[in-house]
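If you want the building blocks of each chain, they are given just below.
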Amino acid sequence: MSSATAETRLVTPSAPLKWQAARVVATRQETPHVRTIVLDVPDWPGHRAGQHVDLRLTAADGYQAQRSYSIASAPETSKVELTIERLDDGEVSPYLADVVTDGDLIEVRGPIGGYFVWERRVQRPLALIAGGSGVVPLMAMLRHRAATPGDGSRSPALLLFSARSVEELIYREELDRLAARDARLRIAYTLTRAQPVDWRGYRRRIDRDMISENLAPLGDTPIVYVCGPTPMVESAANLLVSLGHAPNDILTERFGPSGTGGI
Amino acid sequence: MRSVEDLVLDGNAAAGLLSQIFVPEMTTAQFTCAGCGAVHPLGAARLFEAAGLVLRCTDCSGVLLRVVSAPGRAFIDLSGMRRLEITLPPST
């Protein structure tokens, strides 16, 4: 009986996902255009790093708009954090990025998606490639990794993070802290449009040489997660394949309209 | 103006809708494309959102699956998949 109990814990809930009201308990400005909202979801079943939620807003006249947002927080935390980039022509993101305040209720359903997920029991080297707010689901993975006790047991990991300017590097302080505490985690930044005078990172879009020199220390068979605007993801995935990575080792998550061209 | 390319996502983004229709997790289900025979997880397929939702093959861009939703109903066309291998949760 006890083994059956252990087994059932692994079962994905088979009931259809239900919309439920989540309460905003905190907000945090990450960059001028990006804000994190912290949600208390009453019946949250827990999530895996890389999953997303669907979020629904209803106007007074009944009009509804629905979007998917990646979860930024680690599975180890009880609150659900979403990091939202404001799209100037967006229907939903300006409200979430500018208007929502503590105590507001927002309808969500989730967690959703079993494909673009990473779990720390995976022993293979980990490569994360982010463009702009594509860093969000990858941050959940890095936070999940950081929750692993024992630095020595971690496999090597890399984050290659592209943004237009240093102000748009979401989570930069936390990322630098994570890298300082984790000898096996390396973070490389590239700024594609504007760089501070003392900038020591890359100054161009992600290209073949950049992927090659950063992934080489991870050995032959890292598992690679790429998230960002569609053209950036397409380009990175094609470069990875041309460098000999197996298509099945490259997991991608593309954004739709993102306003992050030029990354 | 948004270009068509802007609206292309991964099959992973269809997970919410698919979870309303199918009980098991579908983004990790392996499809076999009826057109080219490629085998990949549905989460790696290309998602196009138009009047309905269209998943296209990662390799040949052939249509794998169409879902059109209407109030209280959904119409599903799976004819672009020769096979779908679904991992079932352990029975309880």
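Keep in mind it's a predicted model, so treat the numbers as computed, not measured.

A. Here's a closer look at the overall build of chain B. A count of helices and strands for chain B gives one helix and eight strands. Ordering the α and β elements of chain B from the N terminus gives β-α-β-β-β-β-β-β-β. By the compact-globule yardstick of 12 Å for 92 residues, chain B fits well, its C-alpha radius of gyration being 13 Å. Structurally, chain B occupies a C-alpha span of about 50 × 35 × 20 Å along its principal axes.

B. Structural context of the environment of Val-226 of chain A. Residue and element names in this part refer to chain A. Here Val-226 shows up in strand β10 (residues 223-229). Residue Val-226 is classed as buried on the basis of its C-beta count, with 28 C-beta atoms lying within 10 Å. Sequence separation between Val-226 and Ala-236 is ten residues; the distance between their C-alpha atoms is 7.5 Å. Residues contacting Val-226, with those up to four places away along its chain left out, are Ile-129, Val-233, Ala-236, Ala-237, Ile-250 and Thr-252.

C. Structural context of the confidence of the model for chain B. For chain B, the average pLDDT comes to 86, and 90% of its residues sit at 70 or higher. The ipTM assigned to the predicted complex is 0.78, against a pTM of 0.88.

D. The environment of Arg-23 of chain A, seen in detail. All names here are of chain A. Looking at the secondary structure, you find Arg-23 in strand β1 (residues 20-31). In this structure, the C-alpha to C-alpha distance between Arg-23 and Leu-39, residues 16 residues apart in sequence, is 5.4 Å. Once residues within four sequence positions are removed from consideration, Arg-23 is found in contact with Leu-39, Asp-40, Gly-103 and Leu-105.

E. Structural view of the domain arrangement of chain A. All names here are of chain A. Partitioning chain A into structural domains gives domain 1 (16-112) and domain 2 (126-255). Placing the centre of domain 1 and that of domain 2 at their C-alpha centroids yields a distance of 24 Å. If you look at the interface, domain 1 gives 15 residues, while domain 2 gives 13 residues. Those elements giving two or more residues to the side of domain 1 that touches domain 2 turn out to be β1 and β5 (80-85). Taken together, the residues that form the side of domain 1 that touches domain 2 break down as seven nonpolar, five polar and three charged.

F. Structural view of the sheet that holds strand β3 (residues 39-41) of chain B. All names here are of chain B. Spatially, the three strands line up as an open sheet ordered β3-β2-β8, and their pairing is antiparallel. In this open sheet, the two edge strands, each paired with only one partner strand, are β3 and β8 (81-85). The mean inter-strand angle of the sheet, taken between neighbouring strand axes irrespective of direction, is 25°. By the bridge criterion, three bridges tie strand β2 (residues 30-33) to β3 in an arrangement that is antiparallel.

G. Looking closely at the nonpolar core. Residue and element names in this part refer to chain A. Counting residues in hydrophobic clusters, the biggest one holds 82 residues, and the most contacted among them are Leu-82, Leu-128, Ile-129, Leu-138, Leu-159, Phe-161 and Tyr-225. Of all the elements, helix α3 (residues 135-146) adds the most residues to this core, at seven residues. Among the domains, domain 1 (16-112) and domain 2 (126-255) are the pair contributing at least three residues each to this core. Here Leu-159 is in contact with Leu-128, Ala-130, Leu-138, Leu-142, Leu-175 and Ile-187, once residues within four sequence places are set aside.

H. Quick look at the sheet that holds β5 of chain A. Residues and elements named next belong to chain A. Strand order in the open sheet made by the six strands is β4-β3-β6-β1-β2-β5, with antiparallel pairing throughout. This sheet does not close on itself; its edge strands, each paired only once, are β4 (64-70) and β5. When the angles between neighbouring strand axes are averaged without regard to direction, this sheet yields 40°. In this structure, β1 lies alongside strand β6 (residues 105-112), joined through four bridges in antiparallel fashion. By the bridge assignment for β6, Ala-21 is matched with Glu-107.

I. Molecular detail of unusual backbone geometry. Residue and element names in this part refer to chain A. Here Gly-110 and Pro-111 are connected by a cis peptide whose omega angle stands at 0°. Tracing the sequence through the fold places Pro-111 in strand β6. Positive phi values are uncommon outside glycine, yet Tyr-171 reaches one of about 65°. A tally of 24 C-beta atoms within 10 Å means that Tyr-171 is categorised as buried.

J. Structural context of the environment of Glu-174 of chain A. Residues and elements named next belong to chain A. Considering the arrangement of structural elements, one finds Glu-174 in helix α4 (residues 172-181). Judged by C-beta crowding, with 14 C-beta atoms within 10 Å, Glu-174 ranks as partly exposed. In the structure, Glu-174 is positioned 31 residues away from Arg-143 in sequence and 9.6 Å away in space, judged by C-alpha atoms.

Conventions and cut-offs
Residues numbered from 1 in each chain as written. Chains lettered and ligands numbered in written order. Predicted model: local features only at pLDDT ≥ 70, side-chain atom pairs only at ≥ 80, totals over all residues. Helix = DSSP H or I, 4+ residues; strand = E, 2+ residues; numbered from the N terminus. Rg over C-alpha atoms; globule rule 2.2 N^0.38 Å. Buried ≥ 20, exposed ≤ 12 C-beta atoms within 10 Å, placed from the backbone. Contact = placed C-beta atoms within 7 Å. pLDDT = per-residue confidence, 0-100. Domains from an automatic or database assignment. Nonpolar A, V, L, I, M, F, W, Y, C, P; charged D, E, K, R; others polar. Pairing = 2+ DSSP bridges. Axes fitted to C-alpha atoms, helices over the stretch in contact; angles between N-to-C directions. Core = buried A, V, L, I, M, F, W, Y, C linked by C-beta atoms within 7 Å.

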